[in-house]
Amino acid sequence: MQANHCFKDLTLMISDVIDQVGLDDTQHGKRVGYMAWQCADHLEIEGFTAEDLLVAGLLHDIGVSSSREHELLVTLMDWEKSSFHCAEGVKLLENLPFYHKYIDVVRYHHTHWDKLQPLPISNSSKQAASLIFLMDRVDALLFQYLAQNPDDEAIHAREFIHTNLSQLDGFFYPPLVEAFVKASTIDAFWFNLEKSHLSRYLQHLDFEKSITLDLVSTEAVALILAAAVDAKSPFTAEHSLNVGALAYYIAKQLELDEARCQQLKIAGYLHDIGKLHIPDNILEKEGPLNAKETVAMHRHGFEAQDILERVTSFKEIALWACQHHEFLDGSGYPYQLKGDQIPFESRILTIADIFQALAQKRPYRDSMPVNQVMQILTELAEQGKIDTQIMAFVQDHQQQCWQLATA
Ligand SMILES: [Fe+2]
Ligand SMILES: [Fe+2]
Ligand SMILES: [Fe+2]
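What counts as what
- Residues numbered from 1 in each chain as written.
- Chains lettered and ligands numbered in written order.
- Predicted model: local features only at pLDDT ≥ 70, side-chain atom pairs only at ≥ 80, totals over all residues.
- Heavy atoms only, no water.
- Helix = DSSP H or I, 4+ residues; strand = E, 2+ residues; numbered from the N terminus.
- Buried < 20%, exposed > 50% of the residue type's maximum accessible area, 1.4 Å probe, protein only.
- Contact = heavy atoms within 4.5 Å.
- Donors = N, O, S within 2.8 Å, 3.2 Å for Na, K, Ca; no water.
- Tetrahedral: all angles 85-135°; square planar, octahedral: opposite > 155°, others 65-115°.

A. Focus on the side chain of threonine 350. With respect to the element layout, threonine 350 can be found in helix H20 (residues 344-359). Among the residues examined, threonine 350 registers a relative accessible area of 3% and is labelled buried. Residue contacts for threonine 350: discarding those within four places in its chain leaves Gln323, His324, Glu326, Phe327 and Ile386.

Here is the structure:
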């Protein structure tokens, strides 16, 4: 994999993942980041550029991984358990050195200014955290206004938001509220917040910071994203990590080169990332899915590709992840690919995914014994759905595969 400079692409991609958690209210992080960026014209926080404030806004809710939790965050003004997702977010960012600057902002982005002041962190981090908290609450107020006035424009929420903010005593560092009031007098401030404009607006921004994303950092990012998927539903806990380990093992033993094996492991970590957009009640449903729920479930490979392919070094990972439910006879999804249209790496991932899913203990059923797993996989191979060459290897190494799948 080529190292490249991709701080912006990577940050926007992670932001897309976080935003997938909000179902009716997507783009929350983007709005918070955009508004913080706009306020930067009217305030100065030493050591934090407008770009830093934007990035902090984009990443602030990285620890939110359930749509129920997200709903609480936008519908309630203050919520006693809000510090939980802050602490989760900090744990995720600690693995990525190029985001360390934002750790205290994420940790304290729901802390009231009067509680923030005595803390032993830099003034700049306190002010940046307070700004993100303010923007976050502005977005919650905007959500509430539009929920009550569904046909109205965001710009008409201005008065409602200003009035409500003036009643929140001690919540925010006061100069930040003034900066927001100034920034929000501009009409275009509100137009850019609209869904159709916001992604394009952010995509066109130039970021100054650049990083080199090698395989090690790529894997660290993948682990963060995988944690978001796994945390969303206890039913899929550790599934992604074990699929990655199993896919790596099979690829390595079948003599793919090391870099490809590593990429395939990462694809395993990320193959179900599109599930972030599936409502919790569908993911957790025990009975059969109805037609609408099935479509929601079947689009997760497609969504994975859409999320991942924006970062150049994730292109192939995105492709394989997208194809992990394709079958050689064309009966899979989402592209109904056939035979040679499905690369060898995707075929490995498909088998690793099925193997792990069957071998994993779920709350509603026990772990399936290895002979039963092999029986199901063999039937799929006989029906022409999965690769027989890979299956021959898995057959010969079923105990090793079982151990990796259930680690
Ligand atoms: Fe938050
Ligand atoms: Fe938030
Ligand atoms: Fe899947």
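B. Region of interest: the coordination of the iron ion (ligand 3). Within the protein, the atoms that donate to the iron ion (ligand 3) are Asp272 (OD), His300 (NE2), His324 (NE2) and His325 (NE2), at distances of 2.1 to 2.4 Å. The site at the iron ion (ligand 3) holds four donor atoms, and with the angles between them running 84 to 170°, its shape is irregular. Its relative accessible area of 22% is what places histidine 325 among the partly exposed residues.

C. Summary view of unusual backbone geometry. In this structure, proline 334 follows tyrosine 333 across a cis peptide bond, with omega equal to 10°. With respect to the helices and strands, proline 334 occurs in the loop between helix H19 (315-322) and H20. With a phi close to 65°, glutamate 255 is a non-glycine residue in the positive phi region. Tracing the backbone shows glutamate 255 in the loop between helix H14 (239-253) and helix H15 (258-270).

D. Broad picture of the coordination of the iron ion (ligand 1). At this site the iron ion (ligand 1) is bound by Asp61 (OD), His85 (NE2), His109 (NE2) and His110 (NE2), with donor distances of 2.1 to 2.3 Å. In this structure, the iron ion (ligand 1) is coordinated by four donor atoms arranged in irregular fashion, with angles at the metal of 86 to 175°. Positions of the donor residues of the iron ion (ligand 1) along the chain correspond to the pattern D-x23-H-x23-H-H. Taken as a pair, the iron ion (ligand 1) and the iron ion (ligand 2) show a spacing of 3.4 Å, with aspartate 61 coordinating each metal. The exposure class of histidine 110 is buried, given its relative accessible area of 11%.

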